[in-house]
Amino acid sequence: MQKVKHRAVPTVAALFPILLIVAAHPAKAQRPAEGSEAAAYVAVDTDAVALTGVTLLDGTGSSARRGQTVVIEGTRISAVGADGAVDIPDGAEVMDLSGHTLMPGMVGLHNHLFYMAAGGRMHPMSYTGQRLYLGSGVTTIRTTGSLATYAELNLKDEIERGLQPGPRIHITAPYMTGDESLNIMTRFRSPEQARRFVRYWAAEGATWLKAYTTISGEDLAAAIDEAHRQGLKVTGHLCSISFTEAVELGIDNIEHGLGTNSDYVPGKAQDECPPDLWDHAEAVDVEGPEVASTFDAMIENDVAMTSTLAVYELFVQGRPTRDERTLRAMAPSVREDYLAAKAEIDEIGRPPEGFLNAMAYEKAFHDRGGVLAAGVDPTGNGGALAGYGDQRNYELFIEAGFSPEDAVKVLSANGARVLDVFDDLGTVEAGKLADLVVMNGDLTADPSVIRNVTLVFKDGIGYDSVAMLADVEGRAGIN
């Protein structure tokens with residue numbers, strides 16, 4: 001008879017006072033350092049733990065399985081199977097998670113470490129961002145365009161050294177653009193400058209680059225070529241260059257979907273960003289031959305699309321964009337400005353038709369075989385917070401007609417594929433790193449369960465989501 005330690009999953013109320021044991025454990029990567037800010041949130045830290053009784057959405061797209069056991073040994077998943085059919089190691093801690101759903105850690109592909117509040121005010125997220133992401137179940141992010149790249153590189157280092165709580169971070173260099181974009185971005189004047197920029201940031205530790213709306217085709221081509229020479233990849237929030245043009249230039253990933261694709265604007269001039277691009281979204285036939293041609297070009301060239309529905313929803317009339325958790329997290333002045341902006345949008349904002357068509361566009365890309373990933377993009381008017389907006393993307397995918405299984409795959413496995421970390425992350429399978437999200441409730445029956453995160457495992461360490469998210473309340477937009 002094996003010896004195991006049993007305990008029921010903590011209730012939300014009981015999670016706050018958990019006493020934490022943070023003894024050194026050299027076998028575990030990104031392990032919280034003793035006495036660190038990261039260690040303050042550790043709720044599960046043991047050589048082996050079995051999570052039993054869960055409803056499992058494993059990220060592969062396979063049907064949900066009920067009554068499952070997931071065993072973690074060290075940093076990795078050692079076994080997955082039906083309750084009672086899995087060998088639980090001697091001495092393992094057993095957590096009864098009946099009534100809970102388990103999925104892979106989310107992989108956010110458009111997840112800045114700065115926040116834009118209503119009115120365009122931008123702040124680096126030196127405290128709230130990493131907690132909102134990890135506490136919401138986002139265990140890996142790509143900083144898709146940076147505001148303060150060295151601050152982000154330093155935070156990445158602090159998380160990897162176990163000093164700060166937070167997700168794995170893939171660093172994107174500062175934005176690459178042309179003449180008519182924001183002054184926080186790098187404005188290219190020549191292909192030679194583009195190549196020099198790429199070499200510099202490759203040496204500094206960036207692994208991705210992001211093109212922005214007014215970049216020229218010549219400069220983007222040079223940046224992509226040099227990036228691939230240096231082992232980096234390139235994505236883009238496009239406009240002056242259409243999706244199919246970017247594919248021809250060799251881009252690896254494209255952000256935002258229909259609302260930024262100038263393929264369908266009649267008479268678009270080369271290297272010019274058409275005005276009011278979003279206004280064309282409503283008229284696009286997502287089942288038509290033009291859209292099929294775009295998708296086929298992307299799919300044939302392994303170019304993924306990143307969905308950011310949560311941020312676009314903010315500008316649409318009548319949408320449910322006043323989530324109480326989000327409002328509590330905002331600093332009071334930020335909350336006041338956001339609510340004022342939302343009241344105005346409900347009066348004069350975009351009608352819903354274009355947004356609904358954008359949702360259908362992404363579903364059509366996925367159904368045709370494209371790799372669709374997702375991220376929150378915590379910009380716009382500030383209503384899509386880090387982490388909470390990633391969760392909202394799940395709800396929007398369900399509204400768009402995705403199955404729960406496919407929605408979870410988009411949020412996890414597909415992002416891992418784009419980042420080339422799928423061998424280790426993105427699905428709940430034996431041998432993979434134990435990055436897992438535990439939610440109270442049945443996610444297959446109610447999409448809002450995505451908000452009920454209680455525990456987040458990263459590298460086999462379980463973090464107290466409730467405590468982590470409580471610590472950001474009233475702080476979003478100021479630190």
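Everything that follows concerns the structure shown earlier in this document.
So, a few notes on the structure that sits alongside this text. (Residues numbered from 1 in each chain as written. Predicted model: local features only at pLDDT ≥ 70, side-chain atom pairs only at ≥ 80, totals over all residues. Heavy atoms only, no water.)

Attention now moves to the sheet that holds strand 11 (residues 138-143). For sheets, the rule is that strands pair by backbone hydrogen bonds, running either parallel or antiparallel. What the three strands build is an open sheet, ordered 8-11-12; its pairing is parallel. Since the sheet does not close on itself, it has two edges, and those belong to strand 8 (106-108) and strand 12 (168-171), each with one partner. Averaged over all pairs of adjacent strands, the angle between their axes in this sheet comes to 10°, without regard to strand direction. Examined bridge by bridge, strand 11 and strand 12 share four bridges and lie parallel to one another. (Pairing = 2+ DSSP bridges. Helix = DSSP H or I, 4+ residues; strand = E, 2+ residues; numbered from the N terminus. Axes fitted to C-alpha atoms, helices over the stretch in contact; angles between N-to-C directions.)

There is about 760 Å³ of room inside the largest pocket. Lining the largest pocket are 30 residues, and of these Y212, T213, H237, Y312 and R350 lie nearest its centre. Every element with two or more residues in the lining of the largest pocket is listed here: strand 9 (114-116) and helix 8 (309-312). Residue composition of the lining of the largest pocket, by class: 16 nonpolar, nine polar and five charged. (1 Å grid on protein atoms, 1.4 Å probe; cavity = no way out; pocket = protein on both sides within 12 Å on 5 of 7 lines; lining within 4 Å. Points joined across faces, edges and corners; volume = space filled by probe spheres on them. Nonpolar A, V, L, I, M, F, W, Y, C, P; charged D, E, K, R; others polar.)

On to empty space enclosed by the protein, then. Counting across every chain of the model gives three cavities of 30 Å³ or more. By volume, the largest cavity is sized at about 180 Å³. Taken together, 20 residues make up the lining of the largest cavity; nearest its centre are P320, D323, T326, G383 and R392. Sorting the residues of the lining of the largest cavity by element identifies helix 9 (324-329) and helix 12 (388-399) as the ones contributing at least two each. By residue number, the principal contributor to the lining of the largest cavity is helix 12, which donates five residues. Residue composition of the lining of the largest cavity, by class: eight nonpolar, five polar and seven charged. The calculated volume of the second largest cavity comes to roughly 50 Å³. In terms of residue class, the lining of the second largest cavity is made up of six nonpolar, four polar and two charged.

Below, the discussion takes up the state of the cysteines. As enumerated under the stated definition, the model contains one disulfide in all. Note on cysteine connectivity: C239 is disulfide-linked to C273, with sulfurs 1.9 Å apart. Taking the sign of the S-S torsion, 85° for the link of C239 and C273, the bridge is right-handed. Within this pair, whereas C239 is found in the loop between strand 16 (233-236) and helix 6 (243-249), its partner C273 is found in the loop between strand 17 (253-255) and helix 7 (289-300), the two being separated by 34 residues in sequence. In this structure C239 comes out as buried when scored by relative accessible area, which is 5%. (Disulfide = S-S within 2.5 Å. Buried < 20%, exposed > 50% of the residue type's maximum accessible area, 1.4 Å probe, protein only.)

Our next topic: helix 4 (residues 191-204). What sets the pattern is the α-helix's 3.6 residues per turn: residues three or four places apart point alike. For helix 4, spanning 14 residues, the distance from its first C-alpha to its last is 20 Å, which sits close to the expected 20 Å at 1.5 Å a residue. All of the buried residues in helix 4 are P191, Q193, A194, F197, V198 and W201. Summarising the axial view, the buried residues of helix 4 lie within an arc of 155°, below the 170-degree limit, and thus occupy one face. In helix 4, the exposed residues that point more than 90 degrees away from the buried face are E192, R196 and A203. Here the buried face of helix 4 lies against helix 3 (149-160), strand 13 (176-177), strand 14 (186-187), strand 15 (208-211) and helix 5 (217-230). Phi for G205, located one or two positions after helix 4, is positive at around 115°. (Expected span 1.5 Å × (residues − 1). Arc of directions from axis to C-beta. Contact = heavy atoms within 4.5 Å.)

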